[in-house]
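Structural overview
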Amino acid sequence: MKSTNLITAIAAALCFLSSTALAEGALLKAGDLPESDRDVLASWISDAKQADPEPFRVLKRLESQMPALNAQKRGRFVPVTRSFRHYQHRALPAIVERLVFNGGEISTLSEDAKTAFLTGIVQVLGEFVDVRVEPVLHALLDAPSVSEFHLVYVVSGALGWHRTAAAERHLLSAAAEPGERQFGVLAGLGQLHTTSAVERLAVALRDETDAQRRKWLIRSVRDAGNRGFWRIARTSSDAAEEWSVRLAAMQVLVDGFITSTDDVQAAAANAIMVVDHPDTLAALLKAQYNASPALKRALVALQERFANPPLMRRRK
């Protein structure tokens, strides 16, 4: 019985590997990946199908249910990602297979249902980091099939979560390249959590005049400096990096606050609270010099808010 199972597994793996050259997924073709990465992924997926097929079934069922789920949704998009949080890393092979190797492009769903499905499963590749999926995210960032804003945003964020030197180089390069995808990259760039990301976002925020786009950039800066992220990710070697990233983010957000009005200013204020850098009060006090009476009142109100955070939020 054991030998029969082994032969079956080997045959399945060989069949999968032999088909990768012609395979096509929802956003990529197998040929879009370097051969060495493609072989690693194909073997990983084949092994996972034999050992843990449930995530593959869940993914297939979810895709078939998307029209009904989309018709009943309450928000902008169907919340796809939560379907895979139970499986965590176990979900990754099934998602990579659908994106790269199996099923072809999605043509049966409406545009918003397709966006919800694709952004949801790509986000999982960032939430549960595995070195094997990083080549897929690099390929997605360059893929012509990835052009819709929310999808570019999620791809960029997922790659940023890997926090490798290669991810940083690729994201900063894409963020500097003019075109329809540039803003989506900038919106997701904060998930890189580096000073280089904050510096690039500072330039974009200074140049941006559209209120909605400014809020997306502020959100990205907030993500980079998010105290909650750093508290979870913190190690002794991260201490200097955390301080510099949160300081840079706070300074950009204070500048965004004093150069904005209305809901954009409110977004900057909320982001400042999330970053929660110890030097914030000093920066707000300094910003009061030469400020207009209205801006000075706003700065004083933000100082009071920052100095008296909710009881549930304890600074450490």
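Our subject in this report is the structure included herewith. (Residues numbered from 1 in each chain as written. Predicted model: local features only at pLDDT ≥ 70, side-chain atom pairs only at ≥ 80, totals over all residues. Heavy atoms only, no water.)

Digging into the side chain of R38
Assignment of secondary structure puts R38 in helix α2 (residues 35-51). For the buried R38, which has no salt bridge, the nearest side chain bearing the opposite charge is E35, at an N-O separation of 4.6 Å. In this structure the side chain of R38 is engaged in a polar contact, spanning 3.0 Å, whose partner is the backbone oxygen of L33. (Helix = DSSP H or I, 4+ residues; strand = E, 2+ residues; numbered from the N terminus. Buried < 20%, exposed > 50% of the residue type's maximum accessible area, 1.4 Å probe, protein only. Lys, Arg positive; Asp, Glu negative; His and termini not counted. Salt bridge = Lys/Arg side-chain N within 4 Å of Asp/Glu carboxyl O. Polar contact = N/O pair within 3.5 Å; in protein donor to acceptor, adjacent residues only side chain to side chain.)

A few points about the environment of A197
Position of A197 among the secondary structure elements: in helix α10 (residues 195-207). Residue A197 is classed as buried on the basis of its relative accessible area, which comes to 0%. In this structure, the C-alpha to C-alpha distance between A197 and L186, residues eleven residues apart in sequence, is 8.6 Å. Contact partners of A197, with chain neighbours within four places excluded, come to L172, L189 and L192. (Contact = heavy atoms within 4.5 Å.)

Remarks on the packing of helix α11 (residues 211-225) against helix α13 (residues 239-258)
One way to put it is that α11 packs onto α13 with a least axis distance of 8 Å and a crossing angle of 155 degrees. For the element pair α11 / α13, the angle class is roughly antiparallel. As α11 packs across α13, the resulting crossing turns out to be left-handed. The residues of α13 that touch α11, namely those facing R214, I218, V221, R222, A224 and G225, are V245, R246, A249, V252, L253 and G256. Class assignment for the residues of the contact of α11 with α13 results in seven nonpolar, two polar and three charged. (Axes fitted to C-alpha atoms, helices over the stretch in contact; angles between N-to-C directions. Parallel < 35°, antiparallel > 145°, perpendicular 65-115°, else oblique. Left-handed = near helix turned anticlockwise from the far one by under 90°. Nonpolar A, V, L, I, M, F, W, Y, C, P; charged D, E, K, R; others polar.)

Concerning the packing of aromatic side chains
For any pair of aromatic rings, the description rests on two quantities: the centre-to-centre distance and the angle between the ring planes. This structure, assessed with the given rule, holds six aromatic pairs. Look at F229 and W230: their rings are 5.1 Å apart centre to centre, the planes differ by 80 degrees, and that puts the pair in the edge-to-face class. Take F229: its relative accessible area is 11%, and that puts it in the buried class. Members of the aromatic cluster, joined through ring pairs, are F149, Y153, F183 and W216. The aromatic ring of F183 is capped on one face by R213, whose charged end is 3.9 Å from the ring centroid. (Phe/Tyr/Trp six-rings, centres within 6.5 Å; stacked < 30°, edge-to-face > 60°. Lys NZ or Arg CZ within 6 Å of the ring centre and 35° of its normal.)

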